[in-house]
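# Breakdown of the fold
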Amino acid sequence: MQMSVRQPAYARAVRRVLFWLAVIVVLVFFLFPPVWLLLTSLKNYKDAFAMPPVLIFKPILDNYVQVLGNADFLGYAWHSVVVAIVSSGLSLLIGAPAAYALAKMRFKGRDDLALFVLGSRIAPPLMLLFPLYLIFFHIHVLNSLPALIVTYITMELPFTVWILSTFFEDVPDEIREAALVDGEGEFGAFLHVMLPLIRSGLAATAILCIIQSWNEFLFALILSGNHSSTLPVGITSFMTFQGTQWGPLTAAGTLVMIPILIFCLLVQKPLVRGMTLGAVK
């Protein structure tokens, strides 16, 4: 009897230890790069390249002063804010009605359209780069914020439609039918009844779109210019032919990371709630 009692307790203790070891390994794996970036941004050049690495040092803010004193960097930050907010807002504005139609309305070609949206989501975004570049070049909007906004809408719209359609599908058809019987009409049922019911899904989708727009680098690098570059591209300005300015570079990387990190912490509850509701049928 004693052996049968001790064995499960011992097994539970081993599983608990293994679980927390796995958690620690995962945390170290994901947290090491940003923590190292932050520490390097607070070091002088000598401490940053000391071998073995210096863990105890006197922090300095010179790198941040240099970055924040750069007018171009502040312009890049403004471009990132505008592009992220406008592209995400327009993606929701266009994607929400499309998702509602796919989820609740029956029309010819509905399944084919849904398959096309899914295919657009699965297809590598790099396939869009060359066609978009040619289009923007011929209509003379290359190296501008509208070009980036249209590009990000093109990338985010399939994701928005596919995610929101799952939220609309979770709403019982009886609710929509009751709204139609009450005289709301299709658009009224969508705007006044269905959208409020999936507000958590709207919030989660908007958050993910903003994060994607904020962090995107490749399209911004090729389609933007000096007057439309975003922060991920602006960081590369500290890599010159004379050498890499590692102090300002790491400080700029930290400044780019902090806003989106704070944003994610502030919207953590609606993000988790929205994604959880969308995953439960």
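See above for the structure.
Fair warning: this is a prediction, and the values are worked out from it, not measured in the lab. (Residues numbered from 1 in each chain as written. Predicted model: local features only at pLDDT ≥ 70, side-chain atom pairs only at ≥ 80, totals over all residues. Heavy atoms only, no water.)

Turning next to the nonpolar core. With 24 residues, the main nonpolar core has Tyr100, Leu164, Phe168, Phe190, Leu195, Ile198 and Leu202 as its most contacted residues. Of all the elements in the fold, those that place two or more residues in this core are helix 4 (71–104), helix 7 (145–170), helix 9 (185–197) and helix 10 (199–215). Those residues in contact with Leu195 that sit more than four places away from it in its chain are Ala96, Phe168, Phe190 and Leu202. (Core = buried A, V, L, I, M, F, W, Y, C linked by side-chain atoms within 4.5 Å. Buried < 20%, exposed > 50% of the residue type's maximum accessible area, 1.4 Å probe, protein only. Helix = DSSP H or I, 4+ residues; strand = E, 2+ residues; numbered from the N terminus. Contact = heavy atoms within 4.5 Å.)

All chains considered together, the criterion is met by 7 aromatic pairs. Seen from their ring centres, Tyr100 and Phe168 are 5.6 Å apart, and the 75° between their planes marks the pair as edge-to-face. Here Tyr100 is found in helix 4, whereas its partner Phe168 is found in helix 7, with 68 residues between them in sequence. In this structure, Tyr100 and Phe168 share a single accessibility class: buried. Three or more aromatic residues joined by ring pairs make a cluster, and in this case those are Tyr100, Phe168, Phe187 and Phe190. The ring centre of Trp36 lies 5.1 Å from the NZ or CZ of Lys43, which sits over that ring. (Phe/Tyr/Trp six-rings, centres within 6.5 Å; stacked < 30°, edge-to-face > 60°. Lys NZ or Arg CZ within 6 Å of the ring centre and 35° of its normal.)

Taken as a whole, the largest pocket spans an internal volume of roughly 390 Å³. Contributing to the lining of the largest pocket are 17 residues, with Ser120, Arg121, Thr154, Met155 and Pro158 lying nearest its centre. Those elements that provide at least two residues to the lining of the largest pocket are helix 4, helix 5 (110–122) and helix 7. The greatest single-element share of the lining of the largest pocket, amounting to 5 residues, is contributed by helix 7. Split into classes, the residues belonging to the lining of the largest pocket amount to 13 nonpolar, 3 polar and 1 charged. (1 Å grid on protein atoms, 1.4 Å probe; cavity = no way out; pocket = protein on both sides within 12 Å on 5 of 7 lines; lining within 4 Å. Points joined across faces, edges and corners; volume = space filled by probe spheres on them. Nonpolar A, V, L, I, M, F, W, Y, C, P; charged D, E, K, R; others polar.)

Under the definition given, this model contains 2 salt bridges. Salt-bridge contacts for Lys104 lead to Asp173; the nearest nitrogen and oxygen are separated by 2.7 Å. You can see Lys104 sitting in helix 4 and its partner Asp173 sitting in helix 8 (residues 173–181), a full 69 residues away along the chain. Lys104 gets classed as buried once you look at its relative accessible area, which sits at 6%. (Salt bridge = Lys/Arg side-chain N within 4 Å of Asp/Glu carboxyl O.)

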